[in-house]
Structure formats: structure tokens, C-alpha cells
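Structural characterization, general
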Amino acid sequence: MTPSLLHTPPLVSDTERPVPRWAMRLAYVLPLLLLPSCLWRLPFALHFEMGQIQERGLPPYWVSIPYVLALSVLTEVTAILAVGLVRGWGEVAPAWIPVLGGRRIRPMAAVVPAVLGGLILTLLFTNVPLGDGRRLTAFGVMETVGYTNDAWETLATICIAPTAVWGPVIIALAIAYYRRRTRAAG
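Our subject in this report is the structure included herewith.

About the cut-offs
Residues numbered from 1 in each chain as written. Predicted model: local features only at pLDDT ≥ 70, side-chain atom pairs only at ≥ 80, totals over all residues. Heavy atoms only, no water. Disulfide = S-S within 2.5 Å. Buried < 20%, exposed > 50% of the residue type's maximum accessible area, 1.4 Å probe, protein only. 1 Å grid on protein atoms, 1.4 Å probe; cavity = no way out; pocket = protein on both sides within 12 Å on 5 of 7 lines; lining within 4 Å. Points joined across faces, edges and corners; volume = space filled by probe spheres on them. Helix = DSSP H or I, 4+ residues; strand = E, 2+ residues; numbered from the N terminus. Nonpolar A, V, L, I, M, F, W, Y, C, P; charged D, E, K, R; others polar. Salt bridge = Lys/Arg side-chain N within 4 Å of Asp/Glu carboxyl O. Pairing = 2+ DSSP bridges. Axes fitted to C-alpha atoms, helices over the stretch in contact; angles between N-to-C directions. Core = buried A, V, L, I, M, F, W, Y, C linked by side-chain atoms within 4.5 Å. Contact = heavy atoms within 4.5 Å.

Details of the state of the cysteines
Evaluation of the coordinates by the stated rule reveals 0 disulfides. Unpaired in terms of disulfides, cysteine 38 finds its nearest cysteine sulfur in cysteine 159, a separation of 11 Å. Given a relative accessible area of 12%, cysteine 159 falls into the buried group.

A few points about the layout of surface pockets
Considered as a void within the structure, the largest pocket measures approximately 2000 Å³ in volume. As for the largest pocket, its lining consists of 44 residues, and the residues nearest its centre are Gln52, Arg135, Val145, Tyr147 and Ile160. Elements represented by at least two residues in the lining of the largest pocket include exactly helix H1 (21-45), strand S1 (52-53), helix H2 (61-81), helix H3 (107-125), strand S3 (134-137), strand S4 (140-143), strand S5 (146-147) and helix H4 (150-160). If one sorts the elements of the lining of the largest pocket by residue count, H2 sits on top with 7 residues. The class makeup of the residues in the lining of the largest pocket is 23 nonpolar, 14 polar and 7 charged.

Digging into unusual backbone geometry
Positive phi, normally seen in glycine, also occurs at methionine 50, with a value near 50°. Note on placement: methionine 50 falls in the loop between H1 and S1. The class for methionine 50 is buried, based on a relative accessible area of 9%. The phi torsion at valine 99 lies on the positive side, around 70°, for a residue other than glycine. Mapped onto the elements, valine 99 comes out in the loop between H2 and H3. Overall, the relative accessible area of 70% leaves valine 99 in the exposed class.

Describing the environment of glutamate 153
The topology assignment puts glutamate 153 in helix H4. Along the primary structure glutamate 153 and leucine 42 are separated by 111 residues, whereas in three dimensions their C-alpha atoms are 16 Å apart.

Things to note about the pattern of salt bridges
Charged atoms that come close allow side chains of opposite charge to pair. One pass over the structure, following the stated rule, counts 3 salt bridges. Linking arginine 17 and glutamate 16 is a salt bridge whose minimum nitrogen-to-oxygen distance equals 3.3 Å. Between arginine 104 and glutamate 16 there is a salt bridge whose closest N-O contact spans 2.6 Å. Residue arginine 104 is found in the loop between H2 and H3, and its partner glutamate 16 is found in the segment before H1; the two are separated by 88 residues along the sequence. Residue classification places arginine 104 among the exposed residues on the basis of a relative accessible area of 53%. Judged by its relative accessible area of 41%, glutamate 16 falls in the partly exposed class.

Some details on the sheet that holds S3
With antiparallel pairing, the 3 strands of this open sheet are ordered in space as S2-S3-S4. Edge positions in the sheet fall to strand S2 (128-131) and S4, since each has one partner strand and no second. This sheet shows a mean twist of 35° between the axes of neighbouring strands, independent of strand direction. Pairing analysis gives 4 bridges linking S3 to S4, with the strands arranged antiparallel. Looking across to S4, one finds that leucine 136 is bridged to valine 141.

Focus: the nonpolar core
Formed by 22 residues in total, the largest nonpolar core has its most connected members in Ala23, Leu30, Leu85, Val86, Trp166, Ile170 and Leu173. Of all elements in the fold, only H1, H3 and helix H5 (166-182) reach the threshold of two or more residues within this core. At 7 residues, the largest contribution of residues to this core is made by H5. Contact partners of alanine 23, with chain neighbours within four places excluded, come to Val86, Leu173 and Ala176.

Next up, the structure:
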């Protein structure tokens, strides 16, 4: 008897062609990889600063609560949508979708948004440390947030660091999806 920890694996017939094992695992682990950053973000909605030294202060509750909750939910929803690149519902639109339900999805209709999204995510979450409390980002040179002690900084790094792989993972899944869907039947 084999244990089923999270779910039963999808049937081979779920997709038109077999999905590489690495792609299946990566798509399913992505929402779990991003979960720590979503959980790290939640206390900020209630103005608990998680050891950060805030110079400008935090926005009012009526702004911070919906913003932080929406950002966390959006992060997880987009990560879950990546599963569509390895499952049948990413090849044929589910029947419950009006007008499109049951129709085949053209490969480029999934690949183009996935690659563009992956590139944007890579640009947003990649930075280069410059030293002296500064880092180079897509928005220019930014000051690094200070922490009250090393424990808070370590916890922040552990929770936030996995977001750096979000974009490259989406791009890799999109390339695997494209190769699988456009390969000549043989």
C-alpha cells in the first residue's frame, strides 16, 4: 500500500501527451513554495511590523488589510493556475466556462501569457545586493529594509527568498507545455 499524502496523481489520459515528472512536481510545489511569503505578509495588514524598522510608517487599516489580503490571495491563485500547464484543463477549457467550455486551448494562448508573466515576475523579484544596505532592482537602487535583530531578518529571508524562483519556474513550465503540445505525434 502506497501512502497518498496530498492527492492521487492525475491519470495519464488527463493530458494529450505525458507530462514530464519534473514539470508535474514543480507545478504542484509552486503554491507551497510561495505560501511562506503570503503568511509572512499577513501580519503587516494589522500593522505588526515583523521586526522591520519602518521609517515612513504603515498605511491606515482600511488600505493595508484589503491590500495585503488581496496580494496574498492573488499570489496563491496565480501559483495554482500554473498547475494548468501540466493538467488537462490547461489543454481543453473546462465545460463550466461560458462560450469556451469544452474547446481546445491553442498552445500559444497559454504559453504567451505564462512566459510574459514569468518574465515580469523574474524582473520584480530579482535583486542584486550592492552592500551598504542597498540593492539593485528593476526600479533602480533601493535601500534595504532594516530589522531590529538578526532573527527577524533571517525569518524574513527564509519566507521571502522562494519568490525569486517564481518567474523562472513559470517560464520552465511554459516551455515544457509548449514542447509537449506542439511536438508531432509519433
